[in-house]
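Remarks on the overall topology
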Amino acid sequence: MNSLEWSRGLTEMTLAFHIVFATVGVGIPIFISLAEWIGIRKKDPHYLLMARRWTRGFIITVAVGVVTGTCIGLQLSLLWPAFMRFAGNVISLPLFLETFAFFFEAIFLGIYMYTWNRFSNPYLHWLLTIPIIIGSSASALFITMVNAFMNTPQGFTLQNGQLTHLDPLSAMFNPATPSKVAHVLSSAYLTAAFLLAMIAAFSMLRGRENDYYKKSIRLNMIAGVILAAATIWIGDLSAIFLAEEQPEKLAAAEWHFDTGNRVPLFIGGRLNPDTLEITGALKIPSALSLLAKHNPNGTVIGLNDFPKEEWPPLYVHYLFDGMVGLGFYLFGTSLLFIFMTRIKRWNAYNRWIIGAILAGGPFSMLAIELGWFYAEVGRQPWILRGYMRVSEAATTNPDVGITFWLFAALYLLLGLVSLLVLIRLFRKKPAEMELEERRIIL
Amino acid sequence: MPIEQLGIAVLWIFLYGYLIVASIDFGAGFYAYYGKVIGIDTVISPIISRYLSPVWEVTNVFLVFFFVGIVGFFPETAFYYGTALLIPGSIALVLLAIRGSFYAFANYGAKKNNIYLLAYGATGLFIPAALSTVFTISEGGFLSVHGNSVVFLPAELFFSTYSWAVVLLAISSVLFISSTFLTYYAARAEDNRALEWLRSISLWAGVPTIISSLFVFIALRNHNREHFQKTLDVWWMFGLSLVSFTIAIWLIGRRKNYGSAYIAVMLQFLFAFFGYGISHLPYLLYPYLTLSSSVTNLVMGRALVISFVAGLLLLIPALVLLLRLFLFNTKYVKGETR
Ligand code: HDD
Ligand code: HEM
Ligand code: HEM
């Protein structure tokens, strides 16, 4: 493998690892805040304990998020020096702003953790969650702006290799920004809801019946159903955006080759790479036109309008289908649960539903990974769509292979140890034990 | 002020901030482990964890701020340093990652564990050593540049006296800054056993700091004559640095005003760090990059400065709050609240 391939591999690995923790970092603070607020308002110690326990686990994931984020931040310069030289001139503003967001979050997280009982008015402590939420969501906002810029660059003019007419704000607010930011945020919140529900579901499946777990599941599933609906809706907005501004990415995901109207949608299936024939797929007539243009007669641009060397890899079809499928799974599960709790005679907490909720945790994280890989692989071969190819941006240093293995070992270690620590954290001190310690008997 | 000078001033101030807060953190890791080895960890570790726990993430952000900022203000540096620093940069990253996460695992996760503590202590010395090589490389002579290809020459770095002098200085400074700060913190906590131990360490750690900085001057003279000459133009800054050092040692020696002593240490490093930085200019990388050849465009430069000012307005009150709750809150420092 050459430097380019190693650089791609290392970037993929670091990002795939970082987004797990970053997503958790963006999503969980909302739920900590929500639980603490409900707890204070209803004077229900169960919710207060939830906020405490979630915070404890959250710190661990934050730590890994911070160190892997530092890795990717520096690796961008180490692996893609030519890109960063260019990006530094045009899109460094949001990257710079992101560090302020981290700062802000880090400071208030530090205060939050160590001031549980220091204020006489409990709402003061709860107020500290607000800057944490703002900080973590703002970091997602700013980094996603950079990523959006890579998909639809604007805010500069390139004349004979010289950059002119620079406009950092227009670079930040590029066409991809609204749909991308909204989808990234809503999916991160959704994932957090399912991960937290997963923890409670796990305990219930092991035979614990305390109300604590039921309340946790109910809270997260109510949020989950709203967020899943929002994510699906915003995902559709993203597809509409793609059809408009980045049609080759959508076309690659849908195996759509010839521009036309009344375009059908293919789900799953197999593609013959030579004849481009699709077999074994579920075909829904006019559905793609309907999705991308909200009009069954809408014209959708196909891949044949682009030179073949600019086609993204066509396997992104499966990534996209996987993400969408999981989105409906999450929506369906949370909706079913809510529906069952409405009907008195039914036990919403039966093994099957709880099991489905348990699976929602890993599934939601899988959807995040699939979504990012789709979005990034679908941009290939460009690192800056229309301006710079990935192959032009990679480092010329011949030793990337060594660093790849170095970081692989690091992530393996971090992944295993953080998992171990988290499991120990929740298993060694189950909620019942803590309830008893704190003399909470309801 | 031209944008490039404003930019480098901002970045250098932040790097100085990182130098101070990170040194406390790195050194504390070493002392925590050392204290455990010689069996006085019950004395030292509460002091350390009470200070460090709320602030470790903040420390890391200082570093992130610096490297994001330098790519923003001086995009060319991303290209040269990015290509050249792949290996040392990656090693530093891995160490930083292990340190940060294991600190959190040990502190928030499970009960304390010796391996965590060893990793925490050892990385506290290796990271400053790895990071300090960036300063060495910036002096020139460790890269070969042909057109668009930048090649790092690790053997040159390894066999350079200057490089080792800088490493030595980095490690001893870390131990010195950290011990003087912890002495002050222990004094505030009125923890006399920890205070005595840390105080004698501070006094000892001052010696190698001064000796190794002399080494650095001598080695710089051989390695980069031009830079050495320019340090002589700002000799008074290094003189003030030495004066501050003397005051600090004198105060600690007399068991008085540990707070002022620590401020003197901060001044010592302030003068030395800025003396070094000012004499390094206009080069960011000898002899390839200068401030004006690598600076970003004016529009982006202005946008960065504006956002920097806005950011500070937001951060400073928050930082003050953090310090008031944890550093200047006597009850917390003494461990009476949690
Ligand atoms: C829990 C996670 C999750 C779920 C359930 C979904 N998505 Fe998604 N999707 C993401 C998580 C995600 C993401 C990780 O957040 C991505 C990656 C890059 C991005 O902008 O968001 C993404 C990207 C992404 C893109 C590419 C955007 C771009 O590159 O600009 C499209 C078109 C969709 N999604 C569409 C959908 C649709 C129609 C869904 C319907 C069910 C859906 N997503 C569910
Ligand atoms: C190229 C992509 C990315 C880069 C360069 C990057 C950079 C970073 C850096 C440098 C940090 C550590 C900051 C610190 O020291 O506190 C970090 C942490 C973080 N990142 Fe990323 N990041 C990327 C992708 C993402 C994405 C996609 C998200 C959100 C969806 C995200 C959200 C976060 C959050 C919330 C943190 C703070 C960790 C926490 O507090 O939980 N990042 N990132
Ligand atoms: C500052 C912004 C970013 C930069 C400079 C960047 C750069 C790159 C580069 C150079 C690649 C390699 C291309 C390749 O593998 O073919 C890549 C791929 C990838 N990026 Fe981004 N990226 C950015 C933002 C993000 C964010 C925020 C995420 C999500 C967390 C992300 C997720 C991915 C993934 C999953 C891949 C692998 C795609 C593949 O297999 O090719 N990226 N990115």
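To keep things clear, this report deals only with the structure shown in the data block. (Residues numbered from 1 in each chain as written. Chains lettered and ligands numbered in written order. Predicted model: local features only at pLDDT ≥ 70, side-chain atom pairs only at ≥ 80, totals over all residues. Heavy atoms only, no water.)

Within chain A, the regular secondary structure consists of 16 helices and ten strands. For chain A, whose C-alpha radius of gyration is 23 Å, the value lies close to the compact-globule estimate of 22 Å for 442 residues. Judged by the C-alpha coordinates and their principal axes, chain A covers about 70 × 45 × 40 Å. Within chain A, the fraction of its 442 residues that count as buried is 59%. By sequence separation, contacts in chain A at least 24 residues apart represent 78% of the contacts at least 6 residues apart. Only carbon and sulfur atoms are counted for the fraction: they give 64% of the accessible area of chain A, which is about 18500 Å². Across chain A, the centroid of the 34 positively charged side chains sits 14 Å from that of the 29 negatively charged ones. (Helix = DSSP H or I, 4+ residues; strand = E, 2+ residues; numbered from the N terminus. Rg over C-alpha atoms; globule rule 2.2 N^0.38 Å. Buried < 20%, exposed > 50% of the residue type's maximum accessible area, 1.4 Å probe, protein only. Contact = heavy atoms within 4.5 Å. Areas by Shrake-Rupley, 256 points an atom, 1.4 Å probe, with all protein chains shown as cover. Lys, Arg positive; Asp, Glu negative; His and termini not counted. Charge placed at Lys NZ, Arg CZ, Asp CG, Glu CD.)

Let's shift gears to the pattern of salt bridges. A complete count under the given rule lists seven salt bridges over all chains for this structure. A salt bridge links A:Arg85 to B:Glu76, with the shortest nitrogen-to-oxygen separation between them at 3.2 Å. Of this pair, A:Arg85 sits in helix α3 (residues 81–90) while B:Glu76 sits in helix α3 (residues 75–84), each in a different chain. Residue A:Arg85 is classed as partly exposed on the basis of its relative accessible area of 21%. (Salt bridge = Lys/Arg side-chain N within 4 Å of Asp/Glu carboxyl O.)

The geometry of two aromatic rings is summed up by the distance between their centres and the angle between their planes. Counted according to the given criterion, the structure contains 45 aromatic pairs over all chains. Centroid distance B:Phe158 to B:Trp164: 5.6 Å. Interplanar angle 85 degrees. Geometry classified as edge-to-face. Judged by its relative accessible area of 49%, B:Phe158 is partly exposed. Exposure remark for B:Trp164: the relative accessible area of 44% places this residue in the partly exposed category. The structure contains a cluster of three or more aromatic residues connected by ring pairs, namely A:Phe96, A:Phe100, A:Phe103, B:Phe14, B:Phe62, B:Phe65, B:Phe73, B:Phe74 and B:Phe308. Cation over ring: A:Arg389 sits above A:Trp382, and NZ or CZ is 4.7 Å from the ring centre. (Phe/Tyr/Trp six-rings, centres within 6.5 Å; stacked < 30°, edge-to-face > 60°. Lys NZ or Arg CZ within 6 Å of the ring centre and 35° of its normal.)

Residue and element names in this part refer to chain B. Burial of the side chains of strand β1 (residues 143–146) is restricted to one face: Leu 143 and Val 145 are buried, whereas none of Ser 144 and His 146 on the reverse face is. Here β1 pairs with strand β2 (residues 149–152) via four bridges, running antiparallel. Bridge pairing links Val 145 to Val 150 in β2. Where β1 folds back on β2, the antiparallel hairpin that results is connected by two residues, among which Gly 147 adopts a positive phi of roughly 55 degrees. (Pairing = 2+ DSSP bridges.)

Further remarks concern the coordination of the iron atom of ligand 1. Residue and element names in this part refer to chain A. Those protein atoms acting as donors to the iron atom of ligand 1 are His 183 (NE2) and Met 323 (SD), and they sit at 2.1 to 2.4 Å. Note that the iron atom of ligand 1 binds six donor atoms; their angles at the metal cover 83 to 179 degrees, and the shape is octahedral. Of this pair, His 183 sits in helix α8 (residues 177–205) while Met 323 sits in helix α12 (residues 316–342); the two residues are 140 residues apart in sequence, bridging distant segments of the chain. A relative accessible area of 17% places Met 323 in the buried class. (Donors = N, O, S within 2.8 Å, 3.2 Å for Na, K, Ca; no water. Tetrahedral: all angles 85-135°; square planar, octahedral: opposite > 155°, others 65-115°.)

Residue and element names in this part refer to chain A. Near ligand 1, the surroundings consist of 25 residues, among which Lys 180, His 183, Ser 187, Lys 249 and Met 323 are the closest. Between Lys 180 and ligand 1, the recorded distance is 3.4 Å, taken from a side-chain N or O atom to an oxygen atom. Take Ser 187: an N or O atom from its side chain is 3.1 Å from an oxygen atom of ligand 1. Mapped onto the shell around ligand 1, the elements with two or more residues apiece are α8, α9 (211–245), α12 and α13 (351–377). Ranked by residues supplied to the shell around ligand 1, first place goes to α9 with eight residues. For the shell around ligand 1, the residue count by class is 13 nonpolar, nine polar and three charged. (Near = heavy atom within 4 Å. Polar contact = N/O pair within 3.5 Å; in protein donor to acceptor, adjacent residues only side chain to side chain. Nonpolar A, V, L, I, M, F, W, Y, C, P; charged D, E, K, R; others polar.)

It is worth spelling out the site of ligand 2 at this point. Ligand 2 sits among 25 residues. The nearest are A:His18, A:Gly69, A:Phe102, A:Glu105 and B:Asn60. Near ligand 2, the surrounding residues belong to chains A and B. The contact in question runs from an oxygen atom of ligand 2 to an N or O atom on the side chain of A:Glu105, over 2.8 Å. The set of elements that each furnish at least two residues to the shell around ligand 2 consists of α1 (3–42), α2 (45–79), α4 (92–113) and α6 (129–151) of chain A together with α2 (41–73) of chain B. When residues of the shell around ligand 2 are assigned to their parent elements, the largest contribution, eight residues, is made by α2(A). In the shell around ligand 2, the residues fall into 14 nonpolar, nine polar and two charged.

Take helix α10 (residues 235–253) of chain B next. Since the α-helix packs 3.6 residues into each turn, any two residues three or four apart lie on the same face. All names here are of chain B. Here α10 contains 19 residues, and its C-alpha end-to-end distance of 27 Å stays within 8% of the 27 Å for a straight helix at 1.5 Å per residue. Among all positions in α10, only Met 237, Phe 238, Ser 241, Ser 244, Phe 245, Ala 248, Leu 251 and Ile 252 are buried. Buried residues of α10, viewed axially, fall in a sector of 145 degrees; they line one side. Taken together, the buried residues of α10 touch α7 (161–188), α8 (192–223), α9 (225–233) and α11 (258–280). Backbone geometry just downstream of α10 places Arg 255 in the positive-phi region, at approximately 55 degrees. (Expected span 1.5 Å × (residues − 1). Arc of directions from axis to C-beta.)

All names here are of chain B. On the surface, Leu 168, Trp 204, Val 207, Ile 211, Phe 215 and Ile 218 cluster together into a nonpolar patch covering about 650 Å² of accessible area. A per-element tally of the nonpolar patch places α8 first, with five residues. Among the structural elements, Trp 204 can be located in helix α8. (Patch = residues over 30% accessible without salt bridge, like charges linked within 9 Å, V, L, I, M, F, W, Y side chains within 5 Å.)

A few words now on the side chain of A:Thr231. Residue and element names in this part refer to chain A. Relative to the assigned elements, Thr 231 resides in helix α9. Within the local environment of Thr 231, its side chain forms a polar contact with the backbone oxygen of Leu 227, the two atoms lying 2.7 Å apart. Excluding residues within four positions of it along the chain, Thr 231 makes contact with His 183, Ser 186, Ser 187 and Leu 190.

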